[in-house]
Amino acid sequence: MKYLNFSSDSKMPILGLGTWQSEKGEVYQAIRTAINIGYRHFDCAAVYGNEKEIGQALKDAFDAGDVQRSDLWITSKLWNTAHKKGQVKPALEKSLSKLKLDYLDLYLMHWPIAIKEDAPFPFPADGFYTLEEIPLEETWNAMHDCHKAGLIKNIGVANFSVKKIKKLIAATGIKPSANQVEMHPFLPQKDLVDFAQKENIYLTAYSPLGSGGRPGAPDLFSNEILTTVAKKHNCTVAQTLIAWSIKRGISVIPKSVNPKRLEENFNSININLDEADMGQIDHINIAHRFIDGTFFTPEGSPYTLENLWD
């Protein structure tokens, strides 16, 4: 396994397991199985609604002697309804309690968006706070306080543009350790990758296999270049996509609860794409963001697709 070495002296396994859309009743066994396969990096979030079951799986794995807490990298995320200074620590403590952990290896601000506590979903136009009402730096400084208190080893962001990261650093003097974003060959995020590497900010790719079931969306699995590269390496397109992120030095968190797929995805660490493969993939001329944040941009919202991804 390749690791990304954080300045906190902690090491993130470059391949992890995502838990978004992993249903209750399935995610427990997925975590136990993944640990037995060799996964040591698990990506969670309060809004996924499954942290309690994940926590039980982790506790049972510890109690069974399958793994020790120090062997694992656990990430979770602050949801948008807890951006006020006084809400951040209680939200973190709630996640820690559900996960049955004393600390997180990484805690991320899930989106650069603040939502009112009682806002229903789909979000109405008046269900948001503006970033003038709750500036991102207020939330970020509160996360930093939790880091100083020892509840988090590293703090970072998710779905942040270069512009927003620069503004956050300028306002607080505190650089994110990581930024988690959608990334795959249809959305390679080259400018963000260049910036992050220059600034020593690690990136994690979510939806590395795309996001299936979206009407009219392009399909990574039927792309001719990707299928050709996969055939060359005698592997699946999914494994090719995971290996592509790893080759770029980017952490990647494919999600699955299927034991066969969990093992197949994990074995992607053994696939070494060469420069010719990477060059071919670079020439894929399709641009598509699957998770575009439209649900945050109803008419009248202070957030638009333009200012979200600026």
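In what follows, the structure referred to is the one given above.
Please read all numbers here as calculations on a predicted model, not as lab measurements.

Caption draft 1: Expanded view of the sheet that holds strand β12 (residues 251–252). Read from one edge to the other, the open sheet built from 8 strands follows the order β3-β4-β5-β6-β9-β10-β11-β12, with strand pairing classed as parallel. Two strands bound the open sheet, and with one partner strand each, they are β3 (17–18) and β12. Bridge count for strand β6 (residues 106–109) against strand β9 (residues 155–158) is 3 bridges, and the pairing is parallel. Paired with Leu-108 across the two strands is Gly-156, which belongs to β9.

Caption draft 2: Local environment of the nonpolar core. In this structure, Ile-31, Phe-42 and Ile-74 are the most contacted members of the largest nonpolar core, which totals 97 residues. When residues in this core are grouped by element, the largest group, 6 residues, is from helix α8 (residues 237–247). Leaving out residues up to four positions away in the same chain, Ile-31 has contacts with Leu-17, Thr-19, Phe-42, Ile-54, Ala-57 and Leu-58.

Caption draft 3: Summary view of the packing of aromatic side chains. Enumeration over the complete set of coordinates arrives at 11 aromatic pairs. Between Phe-121 and Phe-123, the aromatic rings sit 5.0 Å apart at their centres with planes inclined by 85°, giving edge-to-face as the arrangement. Given the relative accessible area of 10%, Phe-123 is considered buried. An aromatic cluster is present here, built from Trp-111, Phe-121, Phe-123, Phe-128, Phe-295, Phe-296, Tyr-303 and Trp-309 joined pairwise through their rings. Above the ring of Tyr-3, the side-chain terminus of Lys-11 is found at 4.6 Å from the ring centroid. Lying over the aromatic face of Trp-309, Arg-289 brings its terminal NZ or CZ to 3.7 Å of the ring centre.

Caption draft 4: Fine view of helix α1 (residues 27–37). Within α1, the full set of buried residues consists of Val-27, Ala-30, Ile-31, Arg-32, Thr-33, Ala-34 and Ile-35. Looking at the buried residues of α1, the elements they touch are β3, β4 (41–43), α2 (51–63) and α9 (259–266). Just downstream of α1, Gly-38 is the residue with a positive phi angle, here 135°.

Caption draft 5: Quick look at helix α4 (residues 136–148). Look at α4: 18 Å from first C-alpha to last across 13 residues, which is about the 18 Å you get at 1.5 Å a residue. For α4, every residue scored as buried is listed here: Leu-136, Thr-139, Trp-140, Ala-142, Met-143 and Cys-146. Axial view of α4: buried residues confined to an arc of 160°, hence all on one face. Buried residues belonging to α4 abut β5 (73–78), α3 (85–99), β6, β9 and α5 (162–172).

Caption draft 6: Representation of the packing of α1 against α9. Close contact between α1 and α9 brings their axes to 10 Å; oriented N to C, the two are set at 35°. As for the relative orientation of α1 and α9, their crossing is right-handed in sense. Counting all contacts with α1, which are made through Ala-30, Thr-33, Ala-34 and Ile-37, the residues of α9 involved are Pro-259, Leu-262, Glu-263 and Phe-266. The residue inventory of the contact of α1 with α9, partitioned by class, reads 6 nonpolar, 1 polar and 1 charged.

Caption draft 7: Examining the pairing of β5 more closely. In terms of burial, β5 is largely enclosed, as 6 of its 6 residues are buried. Sheet topology places β4 next to β5; 3 bridges connect them, and they run parallel. Of the residues in β5, the one forming a bridge with Asp-43 is Thr-75. Of the crossover connections in this fold, the one passing from β4 over α2 to the parallel β5 is right-handed. Relative to β6, β5 runs parallel, the two sharing 4 bridges. Bridging across to β6, Ser-76 finds its partner in Tyr-107. The parallel pair β5 and β6 is bridged by α3, and the resulting crossover is right-handed.

Caption draft 8: The arrangement of the pattern of salt bridges in detail. Scanning the entire structure with this criterion turns up 12 salt bridges. A salt bridge links Lys-163 to Asp-310; the nearest nitrogen and oxygen atoms lie 3.9 Å apart. Remark: Asp-310 occurs in the segment after α11 (305–308) and Lys-163 occurs in helix α5; sequence separation between them is 147 residues. You can call Lys-163 exposed: its relative accessible area is 55%.

Caption draft 9: Just the environment of Ile-242, in detail. With respect to the helices and strands, the residue Ile-242 is situated in helix α8. Residues contacting Ile-242, with those up to four places away along its chain left out, are Leu-15, Leu-209, Val-252, Pro-254, Asn-265 and Ser-268.

Caption draft 10: Just the layout of surface pockets, in detail. Taken as a whole, the largest pocket spans an internal volume of roughly 1,200 Å³. Lining the largest pocket are 48 residues, with Trp-20, Gln-21, Ser-207, Ser-211 and Lys-255 positioned closest to its centre. Of the residues that constitute the lining of the largest pocket, the class distribution is 22 nonpolar, 17 polar and 9 charged. Each pocket or cavity is described by its volume, and for the second largest pocket that value is around 360 Å³. Considering the residues around the second largest pocket, the lining is formed by 17 residues, among which Leu-131, Glu-132, Leu-136, Lys-164 and Lys-167 are closest to the centre. Those elements that provide at least two residues to the lining of the second largest pocket are α4, α5 and α11. Among the elements that make up the lining of the second largest pocket, the one with the highest residue count is α5 (4 residues). Of the residues belonging to the lining of the second largest pocket, the class tally is 9 nonpolar, 2 polar and 6 charged.

Cut-off values and rules
Residues numbered from 1 in each chain as written. Predicted model: local features only at pLDDT ≥ 70, side-chain atom pairs only at ≥ 80, totals over all residues. Heavy atoms only, no water. Pairing = 2+ DSSP bridges. Helix = DSSP H or I, 4+ residues; strand = E, 2+ residues; numbered from the N terminus. Core = buried A, V, L, I, M, F, W, Y, C linked by side-chain atoms within 4.5 Å. Buried < 20%, exposed > 50% of the residue type's maximum accessible area, 1.4 Å probe, protein only. Contact = heavy atoms within 4.5 Å. Phe/Tyr/Trp six-rings, centres within 6.5 Å; stacked < 30°, edge-to-face > 60°. Lys NZ or Arg CZ within 6 Å of the ring centre and 35° of its normal. Expected span 1.5 Å × (residues − 1). Arc of directions from axis to C-beta. Axes fitted to C-alpha atoms, helices over the stretch in contact; angles between N-to-C directions. Left-handed = near helix turned anticlockwise from the far one by under 90°. Nonpolar A, V, L, I, M, F, W, Y, C, P; charged D, E, K, R; others polar. Right-handed = clockwise from strand over helix to strand, strands pointing away. Salt bridge = Lys/Arg side-chain N within 4 Å of Asp/Glu carboxyl O. 1 Å grid on protein atoms, 1.4 Å probe; cavity = no way out; pocket = protein on both sides within 12 Å on 5 of 7 lines; lining within 4 Å. Points joined across faces, edges and corners; volume = space filled by probe spheres on them.

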